[in-house]
Structure formats: C-alpha cells, structure tokens
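So the chains spell out like this:
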Amino acid sequence: MDSEALRKYSALHPRPAGLTLQYGTAGFRSKAEQLDHVVFRMGLLAGLRSKAVTATIGIMVTASHNPEEDNGVKLVDPLGEMLHPSWEEYATQLANAEEQELQKVITEICQKAAVNLHKDASVFIGRDTRPSSERLSQSVIDGIQVLGGQYHDYGLVTTPQLHYMVCCQNTQGQYGKATLEGYYEKLSKAFMELIKQGLARSTSLGLDMKPNERCCSFDGDADRIVYYYKDTAGHFHLIDGDKIATLISIFLKELLAKVKQDFKMAVVQTAYANGNSTRYLQETLKVPVHCVKTGVKHLHHKAQEFDVGVYFEANGHGTVLFSKAAETKIRQLVKEEKDNEKREAAKMLENMIDLINQTVGDAVSDMLVIEAILALKGLTVQQWDALYADLPNRLLKIQVADRRVIDTTDAERRALTPPGLQEKIDALVKKYKLSRAFVRPSGTEDVVRIYAEADTQENADALAHEVSLAVFHLAGGKGAPPQPI
Ligand code: 16G
Ligand code: MG
C-alpha cells in the first residue's frame, strides 16, 4: 500500500472530529456534508473487497428517498448482492477510524479478511441526482485510486442498474451486458416476448388504461415501487409490496403447476407485511411464507433457499429469485418439451426470469413484470386490489435517548429489552381483535418504529398509540409523551 498516498488523500477528506457513523440497514446515510470522508473510505473498502474476492465491486452514492441534503453510500457484492454482513463491521471501523490510524485499520482488515494488497481491484460506481452526489463520487474515486484500483464511473444510474452491471461483469456477460443499453435491451426484449406470447393467445388483452387508472411510483433510487389508484368515489387505494408479492405469486404458481416440476416456491416477508396478505398467501394460495428481519439483504438471503423465492417488503422493495437448477430446467423445457401447454408455460417462465432483476429489487423491472402479468391475466387494478383487503394499520415513530436499548428477536416481532416492554405489548394486543403490534429501532433514522394493526382503523390507531406510550416510558422517550392519533 502506498502509505504516502493514503496520508495525502485522507488529509483531503478529513473526518469531522467526534463524528461516529454506523453501516446501517443499507449502508451509511447522513447529511451529505458529513459524508466526504466516509465515501472516500468506502472507496478504499471497495478496493479491499475487490482484492479479497478477486471480482468487481459496486459502490452507489445515494440516499434514495431521504431529503435532498442527505446522502449515503452502499456497496454491492460480486453477484449483485448487498455487501456481505461480515464486511459491514470493517466498513464501520474504517469510516470511524482516526486519520492517523487508517493505515493500521486497513492492515487489520487485510489480516482478518485475508486480503492480498498486491492483487488488482476493480470498482463500478453509480450515483443519484442529488447535487452532492457527483462530488462525493469523486471522493470515492480517490479512495479506489489510493489502493491502485481500476474503476468505471457509470454516473447517473438507479441502484438496481448498478447491481445488474456488477453481476454482468462478474459472470462474464452471462447475466447480460454490463452497460445501460444492455440493461434496457434485456428487459425490453423479455417484456415484449412475454406480452407477445399472451396476446397471440387472446387478442382481447392489452395495456389499455381502464376508467380507474392505475399509477405507480418509484422511490429515490428506483429500488422500490408501489401502485395506487383512485376509485370512482375518489378514494385513494395503495397497492403495496405485499399485494405485488401476491400477484406475482399467483402468476408463478399457475405456471409452475403447468410445467409440473417439483419446484419449491415460497414468499419471504417482514413483520411489516399486512396480516391479511400473509393469511391470503398461506391459506388461500397455499404458498409457504417466511418472515425475516427488515432490510433487503435478509429477504434476499432467505429467498435463495427456494427454487422460486418471491420476496417483498410492504414498502415495495422486492424481486423473485430462481435457483440455478430451476432456471436450467425451465430453459431445457423450452427447448425440448413436446407437450405444447407445458412448453408454453416454460417459455413464459423463461421470459419472467429474464425480465426480473434477480440481483436486487428493481422498480423498473418490477413494473414491467406487473404490467405483463396484469395484461396476460386480464386483471384491472381494482381486481388486483380486491384479492384481499388490508387490515387497518398504523406506523408511528418516536425518539428515545438511545434506541439501542431496544433489542428484538423472532424477526423483530418480539422485544427482548427493555424489561417489561414485550409483556406490556402482549397485554395491549389482547385488548383488540385481529391485532398485532411490534417495535424496532430504525436502521436508517434515529427513531424507534411502532407498528400496529387491528380490525378497525380506530383500534389500530389506539393500539399504536398505547404501544408508543409504553416505549416512551420504558425506553427513555425524549420530549413530551406521544399524543393520541
Ligand atoms: C432500508 C432498506 C429497506 C428497509 C428500510 C428500513 C435496503 C436496500 N433498504 O431502506 O429494505 O425496509 O431500510 O428502514 O436494504 P428503517 O430501518 O428505518 O425502518
Ligand atoms: Mg431506495
């Protein structure tokens, strides 16, 4: 390592005295003005990670939907996954090291993670449209160059596009071409073929807008999507990640039944999934459902256990993962199967595989998947919405002195500490019908989140308020106690 270069460049990206930041649910996030040293150091870390795994690593500068003055940075692992959790700790150590200790911390990481500094490093960079993002990605480049790494700066891209590009690069093009054109070509081709297949069967289908028009929105870095519409009475209906997972599961389950393979399919959700979505998936659709901790990496990891793993957070992050074995079998059926219906179903599955971004939830790709399914099944947005009715729910947040006093278990559905909190929540939940409530410290903001659902909106609101009071009293709430909703 060129110690002189490290000293020189880290002095250009000084760490504000006393500032400590954590690698949170999805990387670092903070006010942009506090992040220059962090992104420089994440450039270093990306270089180290690349050397450690002998592959290209991605680094994305974005704070997604946060306010414009915020920013953030997250790392992408070789196959387009989130940075391996064992490295999150190194990221935090590096981000918080005193300047004169940087070299020592890097050497320690190299020892612990068996990094050979003589190896090459290659890093792909992307950023969002924030005014601070361009400058911050220049600092990332400084970090990469200190370690002698190569980089390719893709400039303005969505987060999932960067994940896609990293995966393409490390699979020697097997997943697609590592360019933006390659991404658009792959998705548009799969979408056109999927739609064509359905339209060839029935000309009455299409993408015509119905009276109650469906709309969709992406979040700041396009890794989340939700649908919505206004009904004729003017009421707003939100179609969240749970309903997206349900629609995709229905479609895939039908196709899987047609190809008659023994594929294991499951849906992965978090505690925020609406209780009625879980019930519908398990009881009506008869698909196994698993609950994991909040954060894409946890859902992604669990979904990898199945041949077809559909995962979505209620907030709209999600995708579908196909096991290598299932993908190979499906592609083989398309080529060799004599039975027409079976082969056609396999072909649809094949196009679904190509249309879905399996590296990470991708709003563009998810939208095309949903539009194709609605068109192929001839479903209106209202029919989709009516698959089940969401249980009324309420999400609140409160500030406490130190949110780490709340420790959870059972995929965040139960609180282990502070003492007495879970017992109190259990007692409150008992007062209402179809009720459920849990609390967890946020991984992206300095708050504790409270979720409650119940048979009516009034009850969901009352339960959420009562639980927030319990958190306030037992976990050291700041300021005035929370008011009723
Ligand atoms: C991040 C996560 C998201 C999660 C959210 C929870 C990724 C890419 N994003 O945005 O999955 O739902 O954090 O935020 O993992 P919270 O911890 O503040 O509730
Ligand atoms: Mg986002």
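The rules behind these values
- Residues numbered from 1 in each chain as written.
- Chains lettered and ligands numbered in written order.
- Predicted model: local features only at pLDDT ≥ 70, side-chain atom pairs only at ≥ 80, totals over all residues.
- Heavy atoms only, no water.
- Helix = DSSP H or I, 4+ residues; strand = E, 2+ residues; numbered from the N terminus.
- Contact = heavy atoms within 4.5 Å.
- Near = heavy atom within 4 Å.
- Polar contact = N/O pair within 3.5 Å; in protein donor to acceptor, adjacent residues only side chain to side chain.
- Areas by Shrake-Rupley, 256 points an atom, 1.4 Å probe, with all protein chains shown as cover.
- Nonpolar A, V, L, I, M, F, W, Y, C, P; charged D, E, K, R; others polar.
- Donors = N, O, S within 2.8 Å, 3.2 Å for Na, K, Ca; no water.
- Buried < 20%, exposed > 50% of the residue type's maximum accessible area, 1.4 Å probe, protein only.
- Arc of directions from axis to C-beta.
- Domains from an automatic or database assignment.
- Pairing = 2+ DSSP bridges.
- Axes fitted to C-alpha atoms, helices over the stretch in contact; angles between N-to-C directions.
- Parallel < 35°, antiparallel > 145°, perpendicular 65-115°, else oblique.
- Expected span 1.5 Å × (residues − 1).
- Phe/Tyr/Trp six-rings, centres within 6.5 Å; stacked < 30°, edge-to-face > 60°.

## As for the side chain of Thr270
By secondary structure assignment, the location of Thr270 is in strand E9 (residues 265-270). Leaving out residues up to four positions away in the same chain, Thr270 has contacts with Cys291, Val292, Lys293, Thr294, Leu299 and Glu313.

## Describing the site of ligand 1
Close to ligand 1 lie 15 residues, the nearest being Glu313, Ser442, Gly443, Thr444 and Arg449. Here an oxygen atom of ligand 1 sits 2.6 Å away from a polar atom, N or O, in the side chain of Ser442. At 2.7 Å from an oxygen atom of ligand 1 is found a side-chain nitrogen or oxygen belonging to Arg449. Summarising the interface, the protein chains cover 93% of the accessible area of ligand 1, which totals 460 Å² for the free molecule. Here the residues of the shell around ligand 1 sort into three nonpolar, eight polar and four charged.

## Quick notes on the coordination of the magnesium ion (ligand 2)
Every protein donor of the magnesium ion (ligand 2) is listed here as Ser64 (OG), Asp219 (OD), Asp221 (OD) and Asp223 (OD), and their distances to the metal cover 2.0 to 2.2 Å. Of note, the magnesium ion (ligand 2) draws all its donor residues from one chain, in the sequence arrangement S-x154-D-x1-D-x1-D. Note on accessibility: Asp219 and Asp221 belong to one class, buried.

## Re helix H4 (residues 102-112)
Along H4, the residues that are buried comprise Leu102, Val105, Ile106, Ile109 and Cys110. Summarising the axial view, the buried residues of H4 lie within an arc of 140°, below the 170-degree limit, and thus occupy one face. In H4, those exposed residues whose orientation departs by more than 90 degrees from the buried face are Gln111 and Lys112. Each element contacted by the buried residues of H4 is listed here: helix H1 (3-12), helix H2 (36-53) and helix H3 (85-96).

## A few points about the environment of Leu194
Among the secondary structure elements, Leu194 is positioned in helix H7 (residues 180-201). In sequence terms Leu194 and Asp354 are 160 residues apart; their C-alpha atoms lie 9.9 Å from each other.

## A word on the domain arrangement of the chain
On domain assignment, one finds that the chain holds domain 1 (3-177), domain 2 (183-385) and domain 3 (393-474). On a C-alpha basis, the centres of domain 1 and domain 3 stand 34 Å from each other.

## Quick notes on the sheet that holds strand E4 (residues 122-127)
Across the sheet, which stays open at both edges, the five strands sit in the order E1-E3-E2-E4-E5 with mixed pairing between neighbours. Where the open sheet ends on each side, the last strands, each with one partner, are strand E1 (28-31) and strand E5 (150-156). When strand polarity is set aside, the average angle formed by the axes of neighbouring strands in this sheet is 15°. For strand E2 (residues 56-61) and strand E3 (residues 70-76), the ladder comprises four bridges, and the chain directions are antiparallel. Residue pairing for E3: Val61 is matched across the bridge by Val73. Strand contacts of helix H5 (residues 133-146): E2, E3, E4 and E5, with the helix running at about 170° to E4, the strand carrying the most contacts. Across the face of the sheet, helix H6 (residues 159-170) comes into contact with E2, E3, E4 and E5 while running at roughly 170° to E2.

## As for the packing of helix H12 (residues 340-355) against helix H13 (residues 363-377)
Two elements in contact, H12 and H13, have axes whose closest approach is 9 Å; the angle formed by their N-to-C orientations is 155°. Between H12 and H13, the crossing angle belongs to the class labelled roughly antiparallel. Listed contacts from H13 to Met348, Met352 and Leu355 of H12 are Ser365, Leu368, Val369, Ile373 and Leu376. Classifying every residue of the contact of H12 with H13 gives seven nonpolar, one polar and no charged.

## So, the pairing of E3
Counting buried positions along E3 gives seven out of seven residues, so the element sits mostly inside the fold. Because side chains alternate across E3, one face comprises the buried residues Asp70, Gly72, Lys74 and Val76, and the other comprises Asn71, Val73 and Leu75, equally buried. Here E1 pairs with E3 via four bridges, running antiparallel. Looking at the pairing, Lys31 lines up with Asp70 of E3.

## Concerning H5
Along an α-helix, a turn takes 3.6 residues, which lines up residues three or four apart on a common side. Counted at 1.5 Å a residue, the expected span for H5 with its 14 residues is 20 Å, and the 20 Å between its end C-alpha atoms agrees. For H5, the buried fraction is high: 10 of the 14 residues fall into the buried class. All buried positions along H5 are accounted for by Ser133, Leu136, Ser137, Ser139, Val140, Ile141, Asp142, Gly143, Ile144 and Val146. Where H5 is buried, its residues meet H1, H2, E2, E3, E4 and E5. Gly148, located one to two residues past H5, shows a positive phi value of around 70°.

## Thoughts on the packing of aromatic side chains
One pass over the full model with this rule turns up 12 aromatic pairs. Aromatic side chains Tyr23 and Phe28 sit 5.3 Å apart centroid to centroid with 85° between the ring planes, which places their arrangement in the edge-to-face category. Exposure remark for Phe28: the relative accessible area of 1% places this residue in the buried category. Seen in terms of ring centroids, Tyr280 and Tyr388 are 5.7 Å apart; in terms of plane orientation they differ by 35°. Their pairing is tilted. Taken as a pair, Tyr280 in helix H9 (residues 275-284) and Tyr388 in the loop between helix H14 (381-385) and strand E13 (393-398) lie far apart in primary sequence, 108 residues in all. In this structure an aromatic cluster arises from ring pairing among Tyr164, Tyr175, Tyr183 and Tyr184.

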